Amino acid sequence: MDYIRHKVPPVREDRLAACGAYGGTCCELSEDAKKGCLYTAKRSFSQTQGCQLNLSLAMISTLRDAVMVIHSPIGCGGNLIQNAGIGKVFQQLRQKSAAGLRWINTNLSEFDVISGGEAKLRQAVLKAEREFQPEAILVFNSCVPALIGDDVDGILDQLQSQVNARIVPIHCEGFKTKIQATAYDSVYHGLIRNLVGLDADKKPQPERTAEEEAAYRERIAKTINLLNVGSMSRLDEEELVRLLRALGLHVRILPSYAHPDDFSHAHEAALNVSICATHDDYFAEHLERLYGIPYVLRTIPIGIANTNKWLRDIAAFFGIEEEAERLIAAETAELNEALAPFRAQFKGKTAFIAGGEVRILTTGELLHDLGMEILGLRGYHFDKYGALLLDEYLEDVPGSEDRVFNVGAGQVFEQANLLSKIKPDLFVGHIGVNGTAAKQGYPIFPLFGQSNVYFGYKGAYEVGSRVSRILRNHSFNRNLERHTRLPYRDSWYEQDPFTYIDNPGATAVRSN
Ligand code: SF4
């Protein structure tokens, strides 16, 4: 993979042949992925879905000592308001210095659409430098400047000589892709081109004695870049750092909540460790090509089985397999005892899980391990990384072959129809679709939350504990169902939920 020479990264549809529409069974999806049939799958009707600019902001708006310039009409990025307070708190949990969110919108008008928005972009970048003197200015390009042909890169190249901050262009125009995860590539592309390793050569290197140099090299040989794009809470980070330190490893966490200077040293590491290939393959593969740093990208450490796999992959790289086995044995013996009451409570209960492909498959394995039956999965998109994990899921979760796998971001009408037929005891999903499932009366367990722990062994216990509490009393959602309704006609619920998906594997969904 080598896209860093280019100013703009490719979209996921082209780079990974990612699929955004599918309705069938887990087994059919696995087979269709192997046959290469998924790229052509499409919807003949579609509701709205997320835009990559918003996901880019969610990923990197937490960067410390930085200002964001959103080059767009005023509405783009308006969702940042919801993070304004909590962003600062989550920054403070990691580092004492926390300025919170600082952003400037270029407020493009209809007049600018005719005459161009370049002057406003120039003004905004200079204002960011003047008012805040940040280490980095992140410039997010939106649909409008891309459509009217603003020379964003040309202007930012000129401005770089006029400001001290490092300018990072992020090309995340929403209209370019239906796979919102393209945002991860757009942000990483900007960071690798403009921050990673960049100032290391220019800054005076500390004088080291031979002994100090040896100690420094030894430290790098045991340093891991642990990649968090915002879907790891502080508690998740602490759990993974605890496990990695128990193996004698040093951990640097990038890119969310990091400082721009942290990227200067990002290439001083022995291994890049991802918690999700959907997030990090672009960064990990480019750092391997540019700096020769290998990576671990296979799975997310959710649930006992996948935490074990994640730790074993890391341990194999450092040749510390025995230490890892000892750690796994110690952690799981105690944990299995603690999980016994949840396994008894969840026996016979069913769940449906919606979210990112990697996260839903591993969360499905965890809930299965806790005694639940997984009736269906719904991924935002599906690509080769999902296909690898799906095959492991089919092995780890017997009986999952005939269970539903739907691919779709947003498309609430499809989800509502599906849920009305399979009727799970628990809905697991992200904000955005949790509300509509709640209106159908289902108990909701959020797939992710910034204030909770999901990862590692601690996460397995916490998930069990919280699901247990939710299942004991969900009268609020039952009341909600009685007093609200989704805006779809009864005739829609009588149809197959995949009516508007054109793909080779689609089979009608049975009602439970
Ligand atoms: S799709 Fe385009 S116009 Fe809409 S929010 Fe995203 S960048 Fe802005």
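Residues numbered from 1 in each chain as written. Predicted model: local features only at pLDDT ≥ 70, side-chain atom pairs only at ≥ 80, totals over all residues. Heavy atoms only, no water.

Notes on the pattern of salt bridges
Counted by the stated rule, this structure contains 28 salt bridges. Of the charged contacts in the structure, one is a salt bridge between Asp112 and Lys120, with a shortest N-O distance of 2.7 Å. On the basis of relative accessible area, Asp112 is assigned to the buried category, the value being 7%. Given the relative accessible area of 25%, Lys120 is considered partly exposed. A salt bridge links Glu173 to Lys176; the shortest N-O distance between them is 3.0 Å. Residue Glu173 is classed as buried on the basis of its relative accessible area of 3%. Overlapping salt bridges bring together Arg298, Lys309, Asp313, Glu392 and Asp396 as one network. (Salt bridge = Lys/Arg side-chain N within 4 Å of Asp/Glu carboxyl O. Buried < 20%, exposed > 50% of the residue type's maximum accessible area, 1.4 Å probe, protein only.)

Observations regarding the side chain of Ser72
Assignment of secondary structure puts Ser72 in the loop between β3 (66–71) and α4 (84–94). Not counting residues within four places of it along the chain, the set of residues in contact with Ser72 comprises Asn105, Thr106, Asn107, Leu108 and Ser142. (Helix = DSSP H or I, 4+ residues; strand = E, 2+ residues; numbered from the N terminus. Contact = heavy atoms within 4.5 Å.)

Remarks on the sheet that holds strand β12 (residues 373–379)
With respect to topology, 6 strands assemble into an open sheet ordered β1-β13-β12-β11-β14-β15, the strand pairing being mixed. Every other strand in the sheet has two partners, leaving β1 (22–25) and β15 (444–446) as the edge strands with one partner each. Each adjacent strand pair in this sheet contributes to an overall mean axis angle of 15°, direction not counted. Direction of pairing for strand β14 (residues 426–429) relative to β15: parallel, over a ladder of 3 bridges. (Pairing = 2+ DSSP bridges. Axes fitted to C-alpha atoms, helices over the stretch in contact; angles between N-to-C directions.)

Examining helix α18 (residues 412–422)
With 10 of its 11 residues buried, α18 lies for the most part within the structure. Among all positions in α18, only Val412, Phe413, Glu414, Gln415, Ala416, Asn417, Leu418, Leu419, Lys421 and Ile422 are buried. Looking one or two residues beyond α18, the residue adopting positive phi is Lys423, at roughly 45°.

Quick look at the nonpolar core
One finds Leu226, Ile314, Leu367 and Phe405 to be the most contacted residues of the largest nonpolar core, which totals 71 residues. Built from parts of two domains, this core gets at least three residues from each of domain 2 (210–318) and domain 3 (338–502). If you look at the next biggest cluster of nonpolar residues, it comprises 39 residues, including Leu191, Ala266, Phe283 and Ile293. (Core = buried A, V, L, I, M, F, W, Y, C linked by side-chain atoms within 4.5 Å. Domains from an automatic or database assignment.)

Looking at the site of the ligand
Taken together, Cys51, Leu53, Cys76, Ser142, Cys143 and Gly174 make up all the residues around the ligand. Taken together, the residues of the shell around the ligand sort by class into 4 nonpolar, 2 polar and no charged. (Near = heavy atom within 4 Å. Nonpolar A, V, L, I, M, F, W, Y, C, P; charged D, E, K, R; others polar.)

Quick notes on the environment of Asp496
Examined against the element boundaries, Asp496 turns out to sit in the loop between α22 (490–493) and β16 (501–502). Along the chain, Asp496 and Gln160 lie 336 residues apart, while their C-alpha atoms are 55 Å from each other. Polar contacts involving the side chain of Asp496 include one to the main-chain amide nitrogen of Phe498, which spans 2.7 Å. (Polar contact = N/O pair within 3.5 Å; in protein donor to acceptor, adjacent residues only side chain to side chain.)

Quick word on the domain arrangement of the chain
Size of an interface: often given as the accessible area lost when the parts come together. When its domains are assigned, the chain resolves into domain 1 (51–194), domain 2 (210–318) and domain 3 (338–502). Computed over C-alpha atoms, the centres of domain 2 and domain 3 are 29 Å apart. For the pairing of domain 2 and domain 3, the buried interface totals around 2400 Å² over both sides, and the portion due to carbon and sulfur atoms is 59%. Connecting domain 2 to domain 3 are 3 salt bridges. Between Lys309 and Glu392 there is a salt bridge, with the nearest N and O atoms lying 2.7 Å from each other. On the surface where domain 2 and domain 3 come into contact, there are 15 residue pairs in polar contact (both at pLDDT 80 or more). Only α11 (234–246), α13 (277–291) and α14 (304–318) provide two or more residues apiece to the side of domain 2 that touches domain 3. In terms of residue count, the dominant contributor to the side of domain 2 that touches domain 3 is α14 (7 residues). Among the residues forming the side of domain 2 that touches domain 3, the class breakdown is 15 nonpolar, 9 polar and 7 charged. (Buried area = accessible area lost by both parts, 1.4 Å probe.)

Structural notes on the packing of α14 against helix α20 (residues 456–472)
Each pair of packed helices can be summarised by the angle the axes make with each other and by the distance between the axes. Where α14 contacts α20, the two axes come as close as 9 Å, and the packing angle between them is 170°. By the angle between their directions, the pair α14 and α20 is classed as roughly antiparallel. Along its contact with α14, which presents Ile304, Thr307, Asn308 and Leu311, the element α20 presents Gly456, Tyr457 and Ala460. Grouping the amino acids of the contact of α14 with α20 by side-chain chemistry returns 4 nonpolar, 3 polar and no charged. (Parallel < 35°, antiparallel > 145°, perpendicular 65-115°, else oblique.)

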